[in-house]
Amino acid sequence: AFKNAVQDDLWHHLTQQALEDKTLDKDKTVKEIMDTWTLQMGFPVLNVTTDDLSGSATLTQERFLLSKNASSSSTKDSYRWWIPITFASESNPNFNVTNPKFWFSPKESKKTIEIPRNGWVIFNNKQTGETEYVPWATALDRLSYINAMFQHTGVYGAV
């Protein structure tokens, strides 16, 4: 006898495989992560503010809204996602690492992380999510690195 599959069956088997492959932390499940993406409206905007002096970056997330109005701010904090965080830096320019360095939890309103001091940092290696991030201010300040950044970002093609 056969039964219909449900979404949770897929998440269960993907969790088992991810744990076997060691690509998912043991304290997380694919269901826990994916439910934030499939069971609520919208998608996140990840904001990153860097501090070269302290060697830190503060990350915040909010729901993307094409146009904000007074009623949209009341639900701003109720929408949060599990977001995988990857980044490359001037001191470690490996754009090929797409496994998350850490996860931004929906339980966190902001997260502060250590980053290399005094140099560029690019988040979302190889644009593995639904985001596009090009640090224009940093690129303009450090033009000697812009070619390397674009060579490792497939969306822009050969420069």
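As recorded in an unreviewed UniProt entry, the protein goes by Aminopeptidase N and comes from Armadillidium nasatum. Annotation of the protein in UniProt includes, under Subcellular location (unreviewed entry), the sentence "Cell membrane".

A.B. asks: Quick rundown of the environment of threonine 38? Include the residues and the values.
C.D. replies: Of note, threonine 38 is situated in helix H2 (residues 30-38). The partly exposed category is assigned to threonine 38, whose relative accessible area is 37%. With residues up to four places along the chain from it excluded, the contact list for threonine 38 reads Gln7 and Trp11.

A.B. asks: If you had to explain the sheet that holds strand E1 (residues 44-51) to someone new, which residues and values would you point to?
C.D. replies: Across a sheet, paired strands are connected by hydrogen bonds in the backbone, their directions being either parallel or antiparallel. The 3 strands lie next to each other as E1-E2-E6, forming an open sheet whose pairing is antiparallel. Sheet topology places E1 and strand E6 (110-114) at the edges, where each strand pairs with a single neighbour. Averaged over all pairs of adjacent strands, the angle between their axes in this sheet comes to 25 degrees, without regard to strand direction.

A.B. asks: Describe H2, naming the residues involved and giving the relevant values.
C.D. replies: The set of residues buried in H2 consists of Val30, Ile33, Asp35 and Thr36. Each element contacted by the buried residues of H2 is listed here: helix H1 (7-21) and strand E5 (102-104).

A.B. asks: Help me get a handle on the environment of proline 44, residues and values and all.
C.D. replies: Mapping proline 44 onto the fold places it in strand E1. The class of proline 44 is buried, set by a relative accessible area of 9%. Between the alpha carbons of proline 44 and phenylalanine 64 there is a distance of 5.5 Å; along the sequence they are 20 residues apart. For proline 44, the contacting residues outside a window of four places in its chain are Trp37, Gln61, Glu62, Trp81 and Ile83.

A.B. asks: With reference to specific residues and values, describe the pairing of strand E2 (residues 56-63).
C.D. replies: The buried fraction of E2 amounts to 6 of the 8 residues, a majority that puts the element mostly inside the structure. In this structure, E1 lies alongside E2, joined through 8 bridges in antiparallel fashion. The residue bridging aspartate 51 from the neighbouring strand is serine 56, located in E2. In textbook terms, the turn of a hairpin is the stretch between consecutive antiparallel strands, and for E1 and E2 this stretch comprises 4 residues, one of which, glycine 55, has a positive phi near 70 degrees. Strand direction decides the pairing type here: E2 and E6, joined by 5 bridges, are antiparallel. Directly across from leucine 59, in E6, lies its bridge partner lysine 111.

A.B. asks: Tell me about the packing of aromatic side chains, residues and numbers included.
C.D. replies: Under the counting rule described, the total for this entry stands at 6 aromatic pairs. Pairing tryptophan 37 with tryptophan 81 gives two aromatic rings, centres 6.3 Å apart and planes at 50 degrees, and the pair type is tilted. With tryptophan 37 in helix H2 and tryptophan 81 in the loop between helix H3 (70-73) and strand E3 (83-85), this residue pair connects regions lying 44 residues apart in the sequence. A centroid spacing of 5.1 Å and a plane angle of 10 degrees characterise the contact between phenylalanine 43 and phenylalanine 64, whose relative ring orientation is stacked. Taken as a pair, phenylalanine 43 in the loop between H2 and E1 and phenylalanine 64 in the loop between E2 and H3 lie far apart in primary sequence, 21 residues in all.

Criteria and thresholds
Residues numbered from 1 in each chain as written. Predicted model: local features only at pLDDT ≥ 70, side-chain atom pairs only at ≥ 80, totals over all residues. Heavy atoms only, no water. UniProt positions renumbered as here; feature names shortened; annotations may be inferred. Helix = DSSP H or I, 4+ residues; strand = E, 2+ residues; numbered from the N terminus. Buried < 20%, exposed > 50% of the residue type's maximum accessible area, 1.4 Å probe, protein only. Contact = heavy atoms within 4.5 Å. Pairing = 2+ DSSP bridges. Axes fitted to C-alpha atoms, helices over the stretch in contact; angles between N-to-C directions. Phe/Tyr/Trp six-rings, centres within 6.5 Å; stacked < 30°, edge-to-face > 60°.

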